[in-house]
Amino acid sequence: DELEAEALSTDELAEPRSAAPTTKSRVAFRAVWCFERCYKEEEEPLRNTITHAVTSLGGSLFCFKKAKTFEARAPHMRPQGYALITDGREVRPCVQALVALPQNHPALIIVISEQPKHADRVARWAEGLPAEGFNVPVFVVRSAAEVRGILADSPLPRYSATVAAASQPAAAPFSFNLKA
């Protein structure tokens, strides 16, 4: 599987504007993985696990090395139509960038933190976000293997089905097997 490059146009990150279905409009959802080492060869097993988690649910993965790149792209993301996947180092600057945006927040944030001490620290920090007015659910996991389950249980596949249905001609029949 080939990952999307950082040099994507803003149209590729935004909601499709055409009423006619296109390959891009059939993508169920987008996931943004913000991780400094996302392109490193030694991180290939991690990248493959995350890529599989996203693509097996019909999504596409965009990799950004730093929160600054995410910050530049976030205003062009489809509101509630994407998940942010990151680590403990990049989650804070990513959330700071999102707080500055009045919209275009992700449906959820998944933080992969393999070290228990770091995971606990991030979880405590995330618990305080709603009190600061940031109400995006944050999931702190110890393994990338947990990402698929969180995405599958999230509103993203159902939201994406709604977006896909809206882009179809009205007379075209369609059905979705939605989780109850």
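Residues numbered from 1 in each chain as written. Predicted model: local features only at pLDDT ≥ 70, side-chain atom pairs only at ≥ 80, totals over all residues. Heavy atoms only, no water.

Student: Explain the overall build of the protein to me, using residue names and the numbers behind them.
Tutor: The helix and strand tally for the protein stands at seven helices and five strands. Going from the N terminus to the C terminus, the protein shows its helices and strands as α-β-α-β-α-β-α-β-α-β-α-α. In the protein, buried positions account for 43% of the 180 residues. Intrachain contacts of the protein at a sequence separation of at least 6 include 78% that bridge at least 24 residues. Summed over all atoms, the accessible surface of the protein reaches about 9800 Å², with 52% contributed by carbon and sulfur. (Helix = DSSP H or I, 4+ residues; strand = E, 2+ residues; numbered from the N terminus. Buried < 20%, exposed > 50% of the residue type's maximum accessible area, 1.4 Å probe, protein only. Contact = heavy atoms within 4.5 Å. Areas by Shrake-Rupley, 256 points an atom, 1.4 Å probe, with all protein chains shown as cover.)

Student: Kindly report on the pattern of salt bridges, identifying the contributing residues and their values.
Tutor: In total, this model carries four salt bridges according to the counting rule given. A salt bridge links E42 to R37; the nearest nitrogen and oxygen atoms lie 2.2 Å apart. Look at E42 and you get partly exposed, because its relative accessible area is 48%. The network of salt bridges with common partners includes R37, E42 and E43. (Salt bridge = Lys/Arg side-chain N within 4 Å of Asp/Glu carboxyl O.)

Student: Could you give me a rundown of a positive patch on the surface, with the residues and numbers involved?
Tutor: The grouping of R92, K117, R121 and R124 at the surface amounts to a positive patch. Per-element accounting of the positive patch gives the leading share, three residues, to helix α5 (residues 116–127). Its place among the elements puts R124 in helix α5. (Patch = residues over 30% accessible without salt bridge, like charges linked within 9 Å, V, L, I, M, F, W, Y side chains within 5 Å. Lys, Arg positive; Asp, Glu negative; His and termini not counted. Charge placed at Lys NZ, Arg CZ, Asp CG, Glu CD.)

Student: So, the environment of L108: which residues are in play, and what are the values?
Tutor: Along the polypeptide, L108 turns up in strand β4 (residues 108–112). Here L108 falls in the buried class, since its relative accessible area comes to 2%. Linking L108 and V138, residues 30 residues apart in sequence, is a C-alpha distance of 6.1 Å. Non-local contacts of L108, meaning those with residues more than four positions away in its chain, are made with Y82, A83, L84, V136, P137, F139, I150, L151, S154 and L156.

Student: Could you give me a rundown of the packing of aromatic side chains, with the residues and numbers involved?
Tutor: Applying the stated criterion to the full structure yields two aromatic pairs. Between W33 and F35, the aromatic rings sit 5.3 Å apart at their centres with planes inclined by 15°, giving stacked as the arrangement. Each of the two residues, W33 as well as F35, counts as buried. Ring centres 6.5 Å apart and planes at 55° place the aromatic pair F70 and Y82 in the tilted group. Of this pair, F70 sits in helix α3 (residues 67–73) while Y82 sits in strand β3 (residues 82–87); the two residues are 12 residues apart in sequence, bridging distant segments of the chain. There is no split in this pair, since F70 and Y82 are both buried. (Phe/Tyr/Trp six-rings, centres within 6.5 Å; stacked < 30°, edge-to-face > 60°.)

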